[in-house]
4 protein chains.
Amino acid sequence: MLFETVETPGLAQRSYLIGSQGQAAVIDPRRDCEVYLELARKRGLEIRYVLETHRNEDLISGAPTLAEWTGARVLHGPNPAGPVAYAETVREGERLELGQLILEVLETPGHTDDHLAFALFDQDYPDGAVGVFTGDALFVGDVGRADFYPERREQVAGQLYDSLQKLLALGDQALIYPAHGAGSVCGSGMAERGFSSIGLERRNNPLLQLDREAFVARKLAETHYTPPYFQLMERLNLEGAPPPPRVLRPRTLRLGQLQGWDADHVLDVREPLAFLGGHFPGSLALPVDLLPAYAGWFVREGERVALVGDTEAQLHEAYTHLTRIGLDRVVGGVVDVVSAAAHGHACESLPTVDTARVEARLFRRDDDWTLLDVRAQHELAEGAIEGSQHLYLGHLASRWQELDPERAYTVLCASGKRATIAASFLAARGF
Amino acid sequence: MLFETVETPGLAQRSYLIGSQGQAAVIDPRRDCEVYLELARKRGLEIRYVLETHRNEDLISGAPTLAEWTGARVLHGPNPAGPVAYAETVREGERLELGQLILEVLETPGHTDDHLAFALFDQDYPDGAVGVFTGDALFVGDVGRADFYPERREQVAGQLYDSLQKLLALGDQALIYPAHGAGSVCGSGMAERGFSSIGLERRNNPLLQLDREAFVARKLAETHYTPPYFQLMERLNLEGAPPPPRVLRPRTLRLGQLQGWDADHVLDVREPLAFLGGHFPGSLALPVDLLPAYAGWFVREGERVALVGDTEAQLHEAYTHLTRIGLDRVVGGVVDVVSAAAHGHACESLPTVDTARVEARLFRRDDDWTLLDVRAQHELAEGAIEGSQHLYLGHLASRWQELDPERAYTVLCASGKRATIAASFLAARGF
Amino acid sequence: MLFETVETPGLAQRSYLIGSQGQAAVIDPRRDCEVYLELARKRGLEIRYVLETHRNEDLISGAPTLAEWTGARVLHGPNPAGPVAYAETVREGERLELGQLILEVLETPGHTDDHLAFALFDQDYPDGAVGVFTGDALFVGDVGRADFYPERREQVAGQLYDSLQKLLALGDQALIYPAHGAGSVCGSGMAERGFSSIGLERRNNPLLQLDREAFVARKLAETHYTPPYFQLMERLNLEGAPPPPRVLRPRTLRLGQLQGWDADHVLDVREPLAFLGGHFPGSLALPVDLLPAYAGWFVREGERVALVGDTEAQLHEAYTHLTRIGLDRVVGGVVDVVSAAAHGHACESLPTVDTARVEARLFRRDDDWTLLDVRAQHELAEGAIEGSQHLYLGHLASRWQELDPERAYTVLCASGKRATIAASFLAARGF
Amino acid sequence: MLFETVETPGLAQRSYLIGSQGQAAVIDPRRDCEVYLELARKRGLEIRYVLETHRNEDLISGAPTLAEWTGARVLHGPNPAGPVAYAETVREGERLELGQLILEVLETPGHTDDHLAFALFDQDYPDGAVGVFTGDALFVGDVGRADFYPERREQVAGQLYDSLQKLLALGDQALIYPAHGAGSVCGSGMAERGFSSIGLERRNNPLLQLDREAFVARKLAETHYTPPYFQLMERLNLEGAPPPPRVLRPRTLRLGQLQGWDADHVLDVREPLAFLGGHFPGSLALPVDLLPAYAGWFVREGERVALVGDTEAQLHEAYTHLTRIGLDRVVGGVVDVVSAAAHGHACESLPTVDTARVEARLFRRDDDWTLLDVRAQHELAEGAIEGSQHLYLGHLASRWQELDPERAYTVLCASGKRATIAASFLAARGF
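No experiment lies behind these values; they were computed from the predicted model shown.

1. Concerning the side chain of Asp122 of chain D
By secondary structure assignment, the location of Asp122 of chain D is in strand 9 (residues 116-122). With a relative accessible area of 3%, Asp122 of chain D lands in the buried category. Within the local environment of Asp122 of chain D, its side chain forms a polar contact with the side chain of Gln100 of chain D, the two groups lying 2.7 Å apart. Only 2.9 Å separates the side chain of Asp122 of chain D from the backbone nitrogen of Asp124 of chain D, close enough to count as a polar contact. Ignoring any residue separated from it by four or fewer positions in sequence, one finds Asp122 of chain D in contact with Arg193 of chain C together with Gln100, Leu101 and Val130 of chain D.

Here it is as C-alpha cells:
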C-alpha cells in the first residue's frame, strides 16, 4: 500500500495519495499536481479517483487537471451553487474499491454545504474503519469554520455538529486525515501535532467536549476573516482552473525598470528586517512564507505583480505560492536590491522601536502617536494592549482610510512580520 | 512538531525522528545516520535522546555514532548479556520531556529480554497516550518473534503476551509506530498498510484475539529462520559499531580482473532474468532488493565481496545495503557483463522452465529429476507441491551437501527470485 | 558570464546556453526545453535569442516552445524547403549583441543548405573570435555528413569544404562548440574528447588534412544511414512541434493486459541479457540507451508503443527519449516481467552462443546456418567475418523478407546489444 | 572521456576531474572531496592520480583525504619549505598515462616556488597539447600574483614570466584550465568568461603583451592583500588536513543563549540590508557569499564562531565555507533574529546614508565626520573620492585603533556589502 501526504507550505493544506494493488486515489489535490502523478506512477499505480472533500475556498483545486491527465473520475459532494463542472456528484454511503481498500462517502455538511468525508476500510482489517479523510470538518485540535453562509450560521453550525458525530461514530481506533494542518487560514486552534485518531479527538479536542447547544453557541461566537480572493477560488473551483505555468520563474527585472513594467503591486518577499533595512519606495512587504495567507488581501484578481526577493530561488517560491491562489500575473522579479541601495537608487528604510520605548510612550500617552495592533481578533483575547488601536492586517487594504495620515503610528504584531507588512502598506500611502 | 519516519528498504526497518520546541529524539537509528541529523538541524532541533527499543539483531545500530555527533544520551533497556557500551539503562516508568511531548518507558520483554516500548504523550492532549513506539513487540497485523532464547521459549512467549497487554492498556486512540513494516525478516504476517492504532490492532490483529495460553501455543508452533549474521549484529550492537564509509561506491573492476581481487564471493545483484541470460561463472545471484534479507546467509563476517551489477547506481545501492548489516568488505564492482558476454568472456546462462513442463515431469515422476522448493516454511503451508523436496533458501549454504550433484534439479519459489539465487548457488557447486 | 552545455544522452546532441549582463541566447534547444529557462532565470538572465544552426533531422527542436515561453527571437538560416514557421531568417555577417558578447552569423552550407555557424566574440578580448558554435559542420574529430541531397552530393560536399575553410579562418585560438558529441547518428568518427579548438582540429582532424578534391572524394565514398523518422523530424521542425507532455511516466500495464492495449509495438527496453533470459513473446528488444538511435527504424509516425522495463525509472527514461524524436504515442508500460515469468505467463528466452562455437560452425560451413552481421557498413571495414551475411540492423525492418525463415541464424554485432535487437525482431517473425 | 570542472563558490577555486578508459586524475581537489570520488565512480573510473599545481594558500587541499580513500598517488612540485607530507615530488617532463591521455609536468615557479602546470595530450590527436592545467600561473585575463616571497619579488616575477613563456610555447590551440575564476582573492583582473585557450591569452591577456622587463615592473607595482589565515592554510597543506565533518549543520542556538556559548565571534551571514535592519549587538556582518574572502581577516585559527542566518540552509552554506578555510570551530547557529527583534531582545540597527547626503557633507567638509573607504587598493585607482580616508576592509581587524572613536564615520565600498562589514566591526567597538 502507498500512503503519501503532500503538504502545501504556507497554506498548510494537506492532500493525500492512497493506493493499493495498482490503483490509487488522490484526495484534495492542489493545482500543481504533477506531484501526485509522479508519486503514483513511480509505484506502478493508476490514479482512478480524485476525491474532493469540498469546494476549496483558499486554494485552486488540481482535480480538473489531474482528471484530464489520467482519465480519473472526480467525485464531489452535492453542491447547491450548481454542478462542479469537472466532477460527478456522490452521495452518502457510496463505496469505491481501491485494491484491498474501500472508501465510503460520508456527507458531512457544515463547513460547506457540499462537504464530504471519506471513511477508509481495509478488507484485511474488517473490524472498524482504519481511517477517515475529514476535509475541513475535523482537524487535529479544532473543527472547521462554519461562517461561510452568514444568513444561516446557526443552522450550519448545527449541521457541523451532526457531521462531527458521524465521524466520531467511526470509532476511537480510526486515524484522521484532515485537509489542513497548523497554520491554515481555515482554523486557528489546530494542534502542532500532525497525526491523530478519532479517539484522541473525542477525548481531547475542545470543540468535541461540548453538547450541540454549547457547540453552536461557540461557533456563532467565533470570528473569522474572509480574504477577498476566496470568491475567485470559489468560482475557479466550480468551473475548473487550468494547470499552472510549466516554468515558475519570473522574468528578471532591474530595480530601475520597475516603473516600466507598470505592475499594480510591487511585493517585497524578503524577510522583514531586510525590508526595514532598505526597500524600493512604494513596495509592499510580504515575506514569502506569509504570501499565501496575506497576498489575497492586497492583490485582486487580474492585477499585475512584480516581485522583489533576495534570490531567484525566493522569487520562484513566491511565484509558486501565487499560482496556487490564482494571483499569478507576475510581470517579473527583482533581486538586486542591495546593490541598487548601495548605488543610491531610491531606497527607503523603516525604523524599528524596541519594547521599552513603546512602553514609555504608552505610559506617557503621547498625543500624536498611536500603537496600531494588526493581529487577528483571537490573538487579542490572549493579550490586548491597553491604549492601542486594533485593525486586523487583512482589513488594512479596505479600511486604511480610517487612520489619520498626520499621526505617527507604531505597528505591532506577535512576530514582527505582519507589523512590517502593515507598516509598508501605510508608508506607501504617505503615513 | 516534527515527526518523520525513516524507512530502510530491504530490511523494512523503521526508525523515527520526533521533535518539539527545539528538541528531538531518534528511535532506533540505522547505521548510516546522517539522515537524522540533517532532518533535525534543518528544522532547528537538537537531538537530545537516542532511544533503542531493543538490541537489534538484523541491522547495525547508528546510536553510538549519532551520540558521538550530537552529544545525545542513548537509552536502552536492561540487557542481561551485559551493558550496552554506548547507552544508559532505563527502566519502566522513566519519563523524558521533549518540548511539549513526553516519552514514557515501558518494559516490554518477549522479543528480546531488553525490549522497551516508548509511550508518547502530548501535554496539550492530556487524556491518553497519543502514540507508542512498539519496536519489535507489536507490528501492524503481527507481533514480534519470540524464539531468540531457545531454552526458554515458553517463558518469553508468555512475557511477550504480557507486554502486549501493557501496550493495549494505552487505549484504542493511541497510534502505533513499530520498528518494522511488511517485508521484514522479523515477522511474516505484517500487513501491507503502514499505519495503525492500538484500537485497530486490538480488534483485528490475529495474535491479539488469543488468550494467554493460546497465544503461547501459537508462538511455540511458529518457525523462524535465524541467519548467521545475526550473531555479528548482536555483538556489534553491544559494543557499538563505527560509522559506515563516507563514499559508498565500490572500486571499478573489469570482469577479467575478478580473479585478481581474490574475493570470497562474487555477488551478482542484477535482476534474475539478466542473471539467467548471462553471468560470470561461479557468481551468486542476489538481486539487490533481496540482498539485505539473504546476503547474511551466504556471506560471513570478514569475507571479501565483489559485486556485479547493471549500473553504478545499482552497485551503490548494494554497497549501502551491505554496510547496514556489517558485511561491507567490498573489494570492487563490475558493470560490464553485457559487453564481456558479447566478447565471449566466460559467461554462463541458466535455463528457465515453464510451469506446464514442470507439471508434466512431476506427473511422469522422472527418476533422475527433483523439484526443489526453497520457500520458507510458512509459505509451504499455503501450498506445498507434492513430489517436491523442500530446503529453505537460507539453509542452502550450510546444507547443500545433502543434495545429490548427479541429479537434475529444478528450483522453485514464489516469485522466481529466490529460485534464481538457489540455482546460481548450486550451479557454482557443479550441480 | 554563463556558459552551459546541455547534452541529450542517446542522441549525443549538444545545445548551449550563453549569457552575459542579463541577456542570454540558446543554441539548438531540444524539445524538452524547461531546462534552458530554468538555468537562465536562476542566473537572472533573459533569453533573447534562440539560434538554430540548421533544421535538425534527428530530433525535435524546442525553439518554437522556448520562443513562446520567453518572447525570444528565433533565428534560422535561409531554408530552400520553405520558411521555418517559427523563425526569422538571418544572413552572413549579421551580428547579435549579448551583454559584452557578440554572435556573428556565418553561412556554412553543406550538411544542410540552411546551415549556419555562430562565431562568438568578447568585447573585452578584441583580438580574434573566442569560440564558434559549429552545428553539424565541424565536430571534434569529424565533420558533418553531406548526403542529405542525393542528387547533388558532389556539390554539397564541396560547399561543406568551403564552409569548413570559413571556420578555420577564425583562427587557432577559437574554441569549437559542435551540435553533437561522440555517439551521434550524425557522424561516426567523433572523438571521445568533448572539447576542442580550431587549432586542434586544423592540426589533427583527419578530414581537415585533405585538399578540396580529396575531401569531396572522401565524402562521396562515405555511407550513412537515414532512418525513416528523419522525415518526420524535418516536417515537424519546419512547422514547429508542440511541447512534450508534462509528465513523462507511462500508464502502468500488467503483462496480461498487453494485448488489450492493442499497441503496434511492444518495446522491451531492459538490458540485453535480461531480454535473453526471458521476455514477452513478440516484443522487440530495444535497450533504453539505444532507443534514440534505433527506435526510429522500427516505429513509424503515429504508431502506438507499449514499453517493458525493469523499473518505473527506466520507463520514464524511455518515454523521455521517445518524446524527443516524436514517437511518443506511449500507451503504457510494464515492469513485472520477472514475476510474470515466474508465474509461467508466456515468456520466451533466446540462447546465446559463444565465440568458439560460432567459429567451429563457420569452419564446418554448416549448410542450414548463417551468421548474420548487423553492424554498420563502416564497422565492417574494421573487420568483416568471412562466411557471414551482412544486413544493417536499421534496414532489418524493411528488408527482413530477404532472409530465409527456414534457416537458423546467429546474429552478431560488436557489443551484443544490436544483435539482441535483431534476434528479437526475427524471433517475433517466426525465425 | 570524462572532463568535469568542480568550482568552489566564494573562493572561485576550480578543480578538475579528468578520466579516460577507466582511469582518472583530479587536479587541485578541495577539502570536501567526496564530490570527485562520486563523479569518478559513477562513470566507472578509478582515481589514480591527485595532482597539485601548488601548495594552496587560500584553501585546504583535499589531496591527503582523497589519497587515503582511493590509494591514488599525490603528485606535487619540489617544495623548498620541506616535503609535502602526503605527496610525491615530480619534476619537469615526467609523464603520466591516463587511458588515451597523457599528462606532462611543467615546472612553472613564480606564483610559488613549487608551482607546476600539467600539459594534456591526447594520443588520438598527436599534434600539439590539447589543454593545460595552469594552476595559479595563468588565468583567463590575468596571471598569478608573485608577492609571496617579499625578499625576492623581482626574482620570482621574472620566474613567473619565464613560466608563462613555457605555457605559451604549447601553442595557440591548447585550452587552458586555471585554478581560479573571476572573483578569487588570487587575482583581481580575471575575465568574466570561464574558458580560454593559449591563443586567446597570447593575443589578449594584458600581462602577456609585455616584455620581461615591463612584466617584472608591472608585477612589482601590484599590491595584493594577504589575509592572516593564509599561514594556517600553508601549514595544513604541508602536513595534510583531516577531512571535514560529515554533517555540516551547526547546533541550533537561540539568540538568548549566544552569551552562554562563549563564542569568540558572532558572524551574521545574512544579506547586508537585513543586518542593517536589525542585528544582535556585537555581531560582525559577514554576508555568506563574502565569508570565504573575508572571514580569514577577522577570525583566527582556533577561535570559536557562532553563526546568525536567515535559514538553516544559509547556516549550512556558511559552515561549509568555513571548513574549506579551516576556521570551522562552529559552536552553533541562530536563525530567529526576526522574532527575537520583535520581542525586544537586544537588537540594534545601523542607518544607511544616500549618496546625495554624503556629497553634501563632503562638500561642507564636516569637521567631526569622515568618509571611510574600505575598498581594495586597485579599486581606488578606478575612482578615489576626495576627502575620504582609506583603510582596506581586511586591515580593519589589525588597524582599527588608528581610527578615532569620537568621530562619526560613514563607510563606503562599491556594493554596500563590505561597507556593512566594516560598519558592523566599528559599531561593535563603540564607534
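2. A look at the relation of the copies chain B and chain A
Between the two copies, chain B and chain A, the superposition gives an RMSD of 0.0 Å; the rotation angle is 180° and the shift along the axis is 0.1 Å. Such values leave the two copies arranged in the relation of a two-fold axis. Take the interface residues of chain B: 100% of them recur as interface residues in chain A, which is what a same-surface contact looks like.

3. Side note on the interface of chain B and chain A
In this assembly, 31 residues from chain B lie in contact with 31 residues from chain A. When the two sides are added together, the surface that chain B and chain A hide from each other amounts to roughly 2700 Å², 56% of it contributed by carbon and sulfur. Considering only the side of chain B, the residues that lose the most area to chain A are Tyr125, Glu192 and Phe195 of chain B, jointly responsible for 28% of the buried surface there. For the pair chain B and chain A, the number of links is four salt bridges. For the interface between chain B and chain A, the tally reads 16 residue pairs in polar contact (both at pLDDT 80 or more). Among the elements of the structure, strand 9 (116-122), strand 11 (175-178), strand 12 (196-197) and helix 4 (198-204) of chain B are those that each provide at least two residues to the side of chain B that touches chain A.

4. Observations concerning helix 15 (residues 417-428) of chain A
With twelve residues, helix 15 of chain A should cover 16 Å at 1.5 Å per step; its first-to-last C-alpha distance of 17 Å lies within 8% of that length. Among the residues of helix 15 of chain A, Arg418, Ala419, Thr420, Ile421, Ala422, Ser424, Phe425 and Leu426 of chain A are the ones counted as buried.

5. Looking at the side chain of Thr410 of chain C
All names here are of chain C. Tracing the backbone shows Thr410 in strand 19 (residues 408-412). A distance of 2.9 Å separates a polar atom in the side chain of Thr410 from a polar atom in the side chain of Trp369. For Thr410, the contacting residues outside a window of four places in its chain are Val358, Arg361, Trp369, Thr370, Leu371 and Leu372.

6. Let's talk about helix 2 (residues 63-70) of chain C
Residue and element names in this part refer to chain C. Counted residue by residue, helix 2 has six buried out of eight residues, so it is predominantly covered. All of the buried residues in helix 2 are Ala63, Pro64, Thr65, Leu66, Ala67 and Thr70. Where helix 2 is buried, its residues touch strand 3 (23-27), helix 1 (34-42), strand 4 (46-51) and strand 5 (73-76). Gly71 occupies a position one or two residues after helix 2 and carries a positive phi of about 80°.

7. Side note on the sheet that holds strand 20 (residues 408-412) of chain A
All names here are of chain A. Taken together, three strands build an open sheet; the order of strands is 19-18-20 and the sheet is parallel. Only two strands of the sheet have a single neighbouring strand rather than two, namely strand 19 (389-390) and strand 20. Judged from the five bridges that link them, strand 18 (residues 369-373) and strand 20 form a sheet pairing that is parallel. The residue of strand 20 that forms the bridge with Leu372 is Val411.

Reading the values: rules and limits
Residues numbered from 1 in each chain as written. Chains lettered and ligands numbered in written order. Predicted model: local features only at pLDDT ≥ 70, side-chain atom pairs only at ≥ 80, totals over all residues. Heavy atoms only, no water. Helix = DSSP H or I, 4+ residues; strand = E, 2+ residues; numbered from the N terminus. Buried < 20%, exposed > 50% of the residue type's maximum accessible area, 1.4 Å probe, protein only. Polar contact = N/O pair within 3.5 Å; in protein donor to acceptor, adjacent residues only side chain to side chain. Contact = heavy atoms within 4.5 Å. Least-squares fit on C-alpha atoms with pLDDT ≥ 70 in both. Buried area = accessible area lost by both parts, 1.4 Å probe. Salt bridge = Lys/Arg side-chain N within 4 Å of Asp/Glu carboxyl O. Expected span 1.5 Å × (residues − 1). Pairing = 2+ DSSP bridges.

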